[in-house]
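Structural overview
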Amino acid sequence: MSFHKKSIFITGSTSGIGHKLAELYLRDGHRVGISGRDLSKVEQSFKDEFENLELFEVDVTDQDRMNEVITDFSQKGLDIIIANAGISHGPKSKRPDMEVARRIFNTNVLGVINTFAPALSVFEKQGSGHIVAIASVAGFVGLPGASAYSASKSAVMKLCESYALDLPKMGIDVTTICPGFIDTPLTQKNDHSMPFLMSAEKGARLIKEAIRAKRVLFVFPWQMSVAIHLLSYLPRFIYRFIMKLPVANYSKS
Ligand SMILES: NC(=O)c1ccc[n+]([C@@H]2O[C@H](COP(=O)([O-])OP(=O)(O)OC[C@H]3O[C@@H](n4cnc5c(N)ncnc54)[C@H](OP(=O)(O)O)[C@@H]3O)[C@@H](O)[C@H]2O)c1
C-alpha cells in the first residue's frame, strides 16, 4: 500500500502536546505546519532535522492573520487541522479573575473558531478534511478554581459535538480530544496534585492514534475518563457535595 503524505496544521505547536504531536507526524514523513506566538521556543536542531516542517508565527486570537496563515499553508494541501493552542489559569483561585477569564475565552474558544474557519473553507471545496480540537476533561464539569478554563473547554466540546453531526455530510471528519493531566509547561505551573499525570510523548502518541482512527470523542487516560464521566452523570447536588470535600476542593485563597 502506498504511503499518503498528509498536510497537517497544528496551532500551539511550539511546546507541550502540540509540539510532540508535530514531531510524531514529521517522523512519519508528513508535512506539518507548526505555529505559535513565539517561534524561538522551537529548537534550531529540530528545525534543521525536518524538511517537511513549515513555521508560522501567529496568535490564534488574530482572526485575519489566522486566515492568512492557514490559507497560505493550504496552498500545498491541508488534510488535518488541529486546534491545540490553549492557556489555563495556572494556580487555582476561588476568586475568579475576570481579566484572565477574558484571555482564556479569547484563546481557547475564539482561537479555535479562528482556526477552523479558514480550514472549513478549504475542506468544503475539496469535499474532505479532518477537524480536531484539543479540549480537556475539565470541559465535562465546572471544576473548582478553574471556572473559565472549564467553561472554555466545555464550549469547545459542544462546538465539536455539533460539528460531528453537521460536517461528516460534507466529507469532513471531526475529533474532540479530552486529555487528563499531561506533563507540559502548562501543567508545570500547577500547585495542586495531578492524578494519573502522563508524559507529553505518551499523550501525543495516544492522540495521534485517536485521530488516525477518526474517533469522534477520545477521553484519556482511562482512569480519568471513568472518573470524569461518573462526576458528569451524577445529580448536580451530589456533585457539589463531593467537590466541596477537602480531598476534591484543592483551590486556594
Ligand atoms: N497539559 C495538560 O494537562 C492538558 C490537559 C488537557 C488539555 N490540555 C490542552 O492541550 C492544549 C496544549 O496544552 P499544553 O499542555 O501542551 O500547553 P503548553 O505547553 O503551554 O502549550 C500551549 C501552546 O499553545 C500556544 N499558545 C498559547 N496561546 C496562544 C495564542 N494566543 N496563539 C497561538 N498560540 C498560543 C503556545 O505557544 P506560544 O507561546 O509560542 O504562542 C504553546 O505552543 C491546550 O489547549 C490545553 O488546554 C492540556
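Our subject is the structure listed above.
Residues numbered from 1 in each chain as written. Predicted model: local features only at pLDDT ≥ 70, side-chain atom pairs only at ≥ 80, totals over all residues. Heavy atoms only, no water.

**Overview of the site of the ligand**
Among the 31 residues in the neighbourhood of the ligand, the closest are listed as Arg 37, Lys 41, Tyr 149, Ile 182 and Thr 184. Interatomic distance of 2.5 Å between a side-chain N/O atom of Lys 41 and an oxygen atom of the ligand. Backbone polar atom of Asn 84 to an oxygen atom of the ligand: 2.7 Å apart, as the coordinates give it. Out of a free accessible area of 880 Å², the ligand has 95% covered by protein chains. Elements with a minimum of two residues in the shell around the ligand: helix H1 (16-27) and helix H5 (147-166). (Near = heavy atom within 4 Å. Polar contact = N/O pair within 3.5 Å; in protein donor to acceptor, adjacent residues only side chain to side chain. Areas by Shrake-Rupley, 256 points an atom, 1.4 Å probe, with all protein chains shown as cover. Helix = DSSP H or I, 4+ residues; strand = E, 2+ residues; numbered from the N terminus.)

**Quick look at the packing of aromatic side chains**
One pass over the structure, following the stated rule, counts six aromatic pairs. The interplanar angle of 70° and the centroid separation of 6.0 Å between the aromatic rings of Phe 116 and Tyr 163 together place this pair among those described as edge-to-face. Placement of Phe 116 in helix H4 (residues 98-126) and of Tyr 163 in helix H5 is noted, with a sequence separation of 47 residues between them. For Phe 116, a relative accessible area of 3% corresponds to the buried category. Both rings, one in Phe 218 and one in Phe 220, keep their centres 5.1 Å apart while their planes meet at 15°; by these two values the pair is stacked. Residue Phe 218 is classed as buried on the basis of its relative accessible area, which comes to 11%. Sitting above the plane of the Phe 73 ring, Arg 31 keeps its charged end 3.8 Å from the centroid. (Phe/Tyr/Trp six-rings, centres within 6.5 Å; stacked < 30°, edge-to-face > 60°. Buried < 20%, exposed > 50% of the residue type's maximum accessible area, 1.4 Å probe, protein only. Lys NZ or Arg CZ within 6 Å of the ring centre and 35° of its normal.)

**Focus: the pattern of salt bridges**
Where charged atoms from two side chains of opposite charge approach closely, those side chains can pair. Tallying each qualifying case throughout the model produces 13 salt bridges. In this structure, Glu 201 and Lys 20 form a salt bridge, with 3.8 Å as the shortest nitrogen-oxygen distance. Placement of the pair is Glu 201 in helix H6 (residues 200-212) and Lys 20 in helix H1, with a sequence separation of 181 residues. Residues Lys 158 and Glu 161 are paired through a salt bridge, measuring 3.6 Å at the closest nitrogen-oxygen approach. Here Lys 158 pairs with Glu 161, and both are found in helix H5, just three residues apart, close to one helical turn. (Salt bridge = Lys/Arg side-chain N within 4 Å of Asp/Glu carboxyl O.)

**Some details on H6**
Its 13 residues give H6 an end-to-end C-alpha distance of 18 Å, which sits within 8% of 18 Å, the value for a rise of 1.5 Å per residue. Within H6, burial applies to Ala 200, Gly 203, Ala 204, Ile 207, Ala 210 and Ile 211. The buried residues of H6 occupy an angular sector of 125° when projected down its axis, which confines them to one face. Where H6 terminates, the next one or two residues include Lys 214, which has phi positive at roughly 55°. (Expected span 1.5 Å × (residues − 1). Arc of directions from axis to C-beta.)

**Thoughts on the side chain of Ser 136**
By secondary structure assignment, the location of Ser 136 is in the loop between strand E5 (129-134) and H5. At 2.9 Å, the side chain of Ser 136 and the backbone nitrogen of Ala 138 are in polar contact. Not counting chain neighbours up to four residues away, the residues in contact with Ser 136 comprise Tyr 149, Lys 153, Met 157, Ile 177, Cys 178 and Pro 179. (Contact = heavy atoms within 4.5 Å.)

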